[in-house]
Amino acid sequence: MSKDYYRKQSKNIVGYKINEAFRFHEDFHRFFPDISMEDIRDSLLTVINGYITIDLTRFGRQIEKLYPEEWNRMSITEIVIKHYGKEADDFLNLII
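Source: prediction; values computed, not measured.

A. Broad picture of the nonpolar core. Judged by nonpolar contacts, the single largest core of 23 residues is most densely connected at Phe-24, Phe-28, Phe-32, Phe-59 and Val-80. Broken down by element, the residue count for this core peaks at 5 residues, all from helix H7 (residues 86-95).

B. Seen up close, the packing of aromatic side chains. Enumeration according to the criterion identifies 10 aromatic pairs in this entry. Ring pairs connect the aromatic residues Tyr-16, Phe-24, Phe-28, Phe-31, Phe-32, Phe-59, Tyr-67, Tyr-84 and Phe-91, which therefore count as one cluster. If you follow Arg-30 out to its NZ or CZ, it ends over the ring of Phe-31, 4.4 Å from the centre.

C. Fine view of helix H4 (residues 56-66). The complete set of buried residues in H4 reads Phe-59, Gly-60, Gln-62 and Ile-63. Down the axis, H4 shows its buried residues gathered within 160° of arc, on one side only. Buried residues along H4 sit against helix H2 (21-31), helix H5 (68-71), helix H6 (76-84) and H7. Where H4 starts, the residue carrying a side-chain oxygen 2.8 Å from the main-chain nitrogen of Thr-57 turns out to be Asp-55.

D. Molecular detail of the pattern of salt bridges. Overall, the coordinates contain 5 salt bridges when judged by the stated rule. Between Asp-27 and Arg-30 there is a salt bridge, and its shortest N-O distance comes to 3.4 Å. Taken together, the residues Asp-27 and Arg-30, both in helix H2 and 3 residues apart, mark about one turn of the helix. Overall, Arg-30 belongs to the exposed group, its relative accessible area being 52%. Ionic pairing is found between Asp-89 and Lys-86, a salt bridge with its closest N-O pair at 3.7 Å. Of this pair, Asp-89 and Lys-86 are both found in helix H7, 3 residues apart, which corresponds to roughly one turn of the helix. Look at Asp-89 and you get buried, because its relative accessible area is 3%. Linked through salt bridges whose partners overlap, the residues forming this network are Lys-86, Asp-89 and Asp-90.

E. Summary view of the confidence of the model for the protein chain. Mean pLDDT over the protein chain works out to 84, with 85% of the residues at or above the 70 mark. Within the protein chain, no element has a lower average pLDDT than helix H1 (residues 3-12), which sits at 45, and none a higher one than H6, at 97. Of the regions scoring below 50 in pLDDT, residues 1-11 engages in 4 contacts with residues more than four places distant in sequence or in other chains.

F. Region of the structure containing a nonpolar patch on the surface. A contiguous nonpolar patch, built from Leu-44, Leu-45 and Ile-48 and spanning about 300 Å² of accessible area, is present on the exposed surface. Structurally, the position occupied by Leu-45 is in helix H3 (residues 43-49). Overall, Leu-45 belongs to the partly exposed group, its relative accessible area being 34%.

Conventions adopted
Residues numbered from 1 in each chain as written. Predicted model: local features only at pLDDT ≥ 70, side-chain atom pairs only at ≥ 80, totals over all residues. Heavy atoms only, no water. Core = buried A, V, L, I, M, F, W, Y, C linked by side-chain atoms within 4.5 Å. Buried < 20%, exposed > 50% of the residue type's maximum accessible area, 1.4 Å probe, protein only. Helix = DSSP H or I, 4+ residues; strand = E, 2+ residues; numbered from the N terminus. Phe/Tyr/Trp six-rings, centres within 6.5 Å; stacked < 30°, edge-to-face > 60°. Lys NZ or Arg CZ within 6 Å of the ring centre and 35° of its normal. Arc of directions from axis to C-beta. Contact = heavy atoms within 4.5 Å. Polar contact = N/O pair within 3.5 Å; in protein donor to acceptor, adjacent residues only side chain to side chain. Salt bridge = Lys/Arg side-chain N within 4 Å of Asp/Glu carboxyl O. pLDDT = per-residue confidence, 0-100. Patch = residues over 30% accessible without salt bridge, like charges linked within 9 Å, V, L, I, M, F, W, Y side chains within 5 Å. Areas by Shrake-Rupley, 256 points an atom, 1.4 Å probe, with all protein chains shown as cover.

This is the structure in structure tokens:
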């Protein structure tokens, strides 16, 4: 898909409200099947924002454990795109 497609899609997505937790978990595990959602959710920001939010630092630690050889030479974005795809990166940007 084109870059414009993803830009348009990411602008249309506003996040997952707290009452959409089940749908959020399904989508998260669809994009990141090998990362535990419970380890990276930021409960405080979720309550403050009213939208489900993850802690990027904790997510980064999970990525570092999974891909240690790439961690020192690539950004989280580059690793996510390489292993999970651009759509997963767009999803990640939505929830941080």
